[in-house]
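# Descriptive structure summary
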There are 2 protein chains.
Amino acid sequence: MEKKFSSIKQPKSYELIFNQIKESIIKGVFKPGDKLPSESDLVTQFQVSRHVVREALRSLQTAGFIEIKQGAYGGAVVLEMNFELLSGALSDMLRLGKISISQLTEVRKSLETEVARLAAKRATTDDLNKLSATLIEEPIMNFKDRIKESVTFHHVLSLCSHNPIYTIMMDSLLDLIHKLIIIVKPEKEILPGKVTHKMIYEAVRMKDEKKAVELIIEHMSKTASELKKYEEKYIKENFNKLDEQKTGLNEILKSFRYNFDHVNNYKTI
Amino acid sequence: MEKKFSSIKQPKSYELIFNQIKESIIKGVFKPGDKLPSESDLVTQFQVSRHVVREALRSLQTAGFIEIKQGAYGGAVVLEMNFELLSGALSDMLRLGKISISQLTEVRKSLETEVARLAAKRATTDDLNKLSATLIEEPIMNFKDRIKESVTFHHVLSLCSHNPIYTIMMDSLLDLIHKLIIIVKPEKEILPGKVTHKMIYEAVRMKDEKKAVELIIEHMSKTASELKKYEEKYIKENFNKLDEQKTGLNEILKSFRYNFDHVNNYKTI
DNA sequence: TACGATTTGTCCGTATGTATA
DNA sequence: ATATACATACGGACAAATCGT
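Calculation notes
Residues numbered from 1 in each chain as written. Chains lettered and ligands numbered in written order. Predicted model: local features only at pLDDT ≥ 70, side-chain atom pairs only at ≥ 80, totals over all residues. Heavy atoms only, no water. Core = buried A, V, L, I, M, F, W, Y, C linked by side-chain atoms within 4.5 Å. Buried < 20%, exposed > 50% of the residue type's maximum accessible area, 1.4 Å probe, protein only. Helix = DSSP H or I, 4+ residues; strand = E, 2+ residues; numbered from the N terminus. Contact = heavy atoms within 4.5 Å. Salt bridge = Lys/Arg side-chain N within 4 Å of Asp/Glu carboxyl O. Least-squares fit on C-alpha atoms with pLDDT ≥ 70 in both. Buried area = accessible area lost by both parts, 1.4 Å probe. Polar contact = N/O pair within 3.5 Å; in protein donor to acceptor, adjacent residues only side chain to side chain. Nonpolar A, V, L, I, M, F, W, Y, C, P; charged D, E, K, R; others polar. Near = heavy atom within 4 Å. pLDDT = per-residue confidence, 0-100. Axes fitted to C-alpha atoms, helices over the stretch in contact; angles between N-to-C directions. Parallel < 35°, antiparallel > 145°, perpendicular 65-115°, else oblique. Left-handed = near helix turned anticlockwise from the far one by under 90°. Pairing = 2+ DSSP bridges.

A few words now on the nonpolar core. In terms of nonpolar packing, the biggest core is built from 119 residues, with A:Leu111, A:Leu157, A:Met169, B:Leu111, B:Leu157 and B:Met169 touching the most fellow members. The dominant element in this core, judged by the number of residues it contributes, is helix 8 (residues 164-184) of chain A, at 14 residues. What A:Leu157 contacts, discounting residues up to four positions off in sequence, is A:Glu112, A:Val115, A:Ala119, A:Leu131, A:Ile200, A:Val204 and A:Ile216. Of all hydrophobic cores here, the second largest spans 19 residues; its members include A:Ile17, A:Ile21, A:Leu60 and A:Ala63.

Right, dumping it as structure tokens:
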């Protein structure tokens, strides 16, 4: 038969809806906290069945864009940007053997190095206050609190770089690495704690880029070699526990919001 | 009131099914290429309605675990996990974070530097062949093809680092940057093309880490300063067009598969 | 405390589209 | 070309959760 018409393979309905809503979230039509229209509203707007709408919403939920609550005054609510999806996907990759702990720590080392350098270069007095606030004075702390302190410090340090891309990337790695540490629960000090962190803070405060970089490299190398010990024998059997662990990074993000400067408020390159 | 009982919030049915299938995929019960039971089979196995099963499968598809084909002998097939979804998610996050061009190029510069260093250190002869294959000899090319060549080169270079996390991060940055370039459509040469790339390739081939780093820094600085010109006046109004642009990165990823060595097959730190 | 209203969660039945043997 | 097996889509119904009164 002669070809008179070109193929018009329709993308699936749910996919069109998924993309449309996703893009409007990214563009800011719906902001975090906003409620999406109810299922029945979307049904009338898109002129499809409820089933299709539900598949689209479910996909948006899986992709980490919305949260869905049942009941009156419930519905789909747009979420804050969260790294949990990324760190979750990374942990899946880890469990699947697609990435290794060495690779994780390697990337973290290079990111932290650059972050430390930029922090020393750009940290404002306000940044320094926030950073010093993460250094708790009390000497005795339980394991979970120490993890939380560590996560907080490195998160806030990344904020001092004044580049949100570093923060997003760092948070994903940070969350996963600290979940691993919780699983490993090393007897020895894998968390150098406030001593090293305080030294890094001081270097940042003095705007001593070289010293900050030097310190963070040592810090990262130590953590990496500690974790490496456990790589083979212990962790693989406990990978399935990864999902259950919590680092408290979420709560930290809520207190230290992503309050980045306006886009062009600082010098680059 | 005293807390006598712990919360017994029932997970939704679709979620239980999602997790159960996901876990069995990760644990290897279903391997890449395997077909999952059909919808109706799953309905009888899980004793739930068809709709619930569909939502679970849709979520698994969104999360990148399976591919669903229509028709006889169709159904849900387990995918080989790759990093496309992860870099796509990162790309979305970055767009949500309202980042600037300067911030993009800044992070890219530091990542590319590390990538180039590692590539020079670790590239195998097979890597080198693939890398040289990206350097097209023909002198005349249209704009889109030049973009494509550039993206391909940097993507394959990141593969040479033998650390997929770098590739994930690089891909998401490359995606955004090249979308910007397409919007900007600079008259002047923003893409240095094969001259610079060939020099970098040579440095990698000679395992000259220092030279490779030196070259890539210059390369990045040049690209960054070219792009920066457009930051103020042009791009802001066109940022919303980002999602419409296509870099062809997807097709490139398909041809240059993520064939990383087994996880512990290389030296680190 | 109890009840009603709203919204999502689940189920059933049916019909249509699509790809393969 | 047809039959088969599967996903896609629709409509209606009721259950469950969660709010405000």
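All names here are of chain B. Going through the model one piece at a time under the given rule, you end up with 31 salt bridges over all chains. A salt bridge links Lys179 to Asp175; the nearest nitrogen and oxygen atoms lie 3.2 Å apart. Placement of both Lys179 and Asp175 in helix 8 (residues 164-184) is noted, with a separation of 4 residues, approximately one turn of the helix.

Aligned on chain A, chain B shows an RMSD of 2.1 Å; the corresponding rotation is 176° and the shift along the axis is 0.5 Å. The transformation relating the two chain copies, once decomposed into turn and shift, fits a two-fold axis. Relative to the rotation axis, the C-alpha of B:Glu55 is the closest in chain B, positioned 2.9 Å from it.

Let us now look at the interface of chain B and chain A. Counting residues at the interface gives 63 residues for chain B and 62 residues for chain A. Here chain B packs against chain A, burying approximately 5,600 Å² in sum over the two surfaces, 61% of which is carbon and sulfur. At the junction of chain B and chain A, the tally comes to 11 salt bridges. In this structure, A:Arg95 engages B:Glu23 in a salt bridge whose closest nitrogen and oxygen atoms are separated by 2.7 Å. Where chain B meets chain A, there are 28 residue pairs in polar contact (both at pLDDT 80 or more). Put simply, the parts of the chain that give the side of chain B that touches chain A at least two residues each are helix 1 (13-27), helix 3 (50-62), helix 4 (84-96), helix 5 (101-122), helix 8 and helix 10 (209-238) of chain B. By residue class, the composition of the side of chain B that touches chain A is 27 nonpolar, 17 polar and 19 charged.

What follows deals with the protein's contact with DNA strand D. Neighbouring DNA strand D are 20 residues; A:Ser13, A:Ser49, A:Val52, A:Gly71 and A:Ala72 lie closest to it. A distance of 2.6 Å is found between a phosphate oxygen of DNA strand D and a side-chain nitrogen or oxygen belonging to A:Ser13. For DNA strand D, a base nitrogen lies 3.3 Å from a polar atom in the side chain of B:Arg50. Mapped by element, the contributors of at least two residues to the surface near DNA strand D are helix 3 (50-62) of chain A together with helix 3 and strand 1 (66-69) of chain B. Among the elements that take part in the surface near DNA strand D, helix 3 of chain B stands out by supplying 3 residues, more than any other.

Let's shift gears to the protein's contact with DNA strand C. Neighbouring DNA strand C are 23 residues, the closest being A:Arg50, A:Ala72, B:Ser13, B:Ser49 and B:Gly71. Sugar plus phosphate, as a fraction of atoms of DNA strand C within 4 Å of the protein: 68%. Note that a phosphate oxygen of DNA strand C is positioned 3.2 Å from one of the backbone N or O atoms of A:Glu39. Between B:Ser49 and DNA strand C, the recorded distance is 2.6 Å, taken from a backbone N or O atom to a phosphate oxygen. When residues of the surface near DNA strand C are traced back to their parent elements, those giving at least two are helix 3 and strand 1 (66-69) of chain A together with helix 1 and helix 3 of chain B. Looking at side-chain class alone, the surface near DNA strand C contains 7 nonpolar, 10 polar and 6 charged residues.

Residue and element names in this part refer to chain A. Averaged over every residue, the pLDDT of chain A is 83; residues scoring 70 or more account for 81%. At the level of individual helices and strands, chain A shows its lowest average pLDDT in helix 11 (residues 249-255), which scores 69, and its highest in helix 5 (residues 101-122), which scores 96. Within the model, the stretch residues 260-269 combines pLDDT values under 50 with 29 contacts to residues more than four positions away or in other chains.

This paragraph deals with the packing of helix 4 (residues 84-95) of chain A against helix 4 of chain B. The interhelical angle for the contact between helix 4 of chain A and helix 4 of chain B, taken along N-to-C directions, is 165°, at an axis separation of 10 Å. On the basis of their axis angle, the class for helix 4 of chain A and helix 4 of chain B is roughly antiparallel. Between helix 4 of chain A and helix 4 of chain B the crossing geometry is left-handed. The residues of helix 4 of chain B that touch helix 4 of chain A, namely those facing A:Leu85, A:Leu86, A:Ala89, A:Leu90 and A:Met93, are B:Leu86, B:Ala89, B:Leu90 and B:Met93.

The subject of this paragraph is the pairing of strand 2 (residues 75-78) of chain A. All names here are of chain A. In terms of strand pairing, strand 1 meets strand 2 through 4 bridges, oriented antiparallel. The residue bridging Glu67 from the neighbouring strand is Val77, located in strand 2. The turn joining strand 1 and strand 2, which pair antiparallel and follow one another in sequence, is formed by 5 residues; a positive phi near 90° is taken by Gly71.

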